[in-house]
Amino acid sequence: MIPKNSKVLTLKEPWMTMILSGEKTMELRSTRTNIRGTIYLAQSKTQYIFGKVDIVDCLGPFSDEVFELNKQYHRYHKVKPYNNTYGWVLSNAFSFCDP
């Protein structure tokens, strides 16, 4: 069970697995976030909580050039998904054994 009033981010695969494995350390979103600290990660189809991660920064909005320079962190290999694309910088990912 997660603590009361915790923030939960819902993700599709393969993004959640990539974050929890440490392969993806930036989540792309269309909005800036002021949240810092631990959030919990839920899978979009099941709504089960599979892990947690810390949001440590928010960058952007990205120009096309900066978007390309950060591909190693966000792992999105298509064009920018939003006109105003922000990168939520993630750290300390932890996967739970059971959802």
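The preceding data block contains the structure.
These lines cover the structure that appears in this document, whether it is placed above or below.

Parameters and conventions
- Residues numbered from 1 in each chain as written.
- Predicted model: local features only at pLDDT ≥ 70, side-chain atom pairs only at ≥ 80, totals over all residues.
- Heavy atoms only, no water.
- Pairing = 2+ DSSP bridges.
- Helix = DSSP H or I, 4+ residues; strand = E, 2+ residues; numbered from the N terminus.
- Phe/Tyr/Trp six-rings, centres within 6.5 Å; stacked < 30°, edge-to-face > 60°.
- Buried < 20%, exposed > 50% of the residue type's maximum accessible area, 1.4 Å probe, protein only.

### A closer look at the pairing of strand β5 (residues 86–95)
And then number 1: Across four bridges, strand β2 (residues 26–29) lies against β5 in antiparallel orientation. When the bridges of β5 are listed, M26 appears paired with V89.
And then number 2: Direction of pairing for strand β4 (residues 49–59) relative to β5: antiparallel, over a ladder of seven bridges. Looking across to β5, one finds that K52 is bridged to F94.

### So, the packing of aromatic side chains
And then number 1: Under the criterion given, the structure shown has three aromatic pairs.
And then number 2: When the ring of W15 is compared with that of Y76, the centres are 6.0 Å apart and the planes differ by 45°; the resulting orientation is tilted. Highlighted residues: W15 in helix α1 (residues 15–21) and Y76 in the loop between α3 (71–74) and β5, separated in sequence by 61 residues.
And then number 3: On the accessibility criterion, W15 (26% relative accessible area) is partly exposed.
And then number 4: Where Y40 meets F96, the ring centres are 6.3 Å apart and the plane angle is 35°; that geometry is what we call tilted. Taken together, the positions of Y40 in strand β3 (residues 37–43) and F96 in the segment after β5 put the pair 56 residues apart, joining distant regions of the chain.
And then number 5: Taking relative accessible area as the criterion, F96 reaches 24% and is therefore assigned partly exposed.
And then number 6: A network of ring pairs unites the aromatic residues Y40, F94 and F96 as a single cluster.

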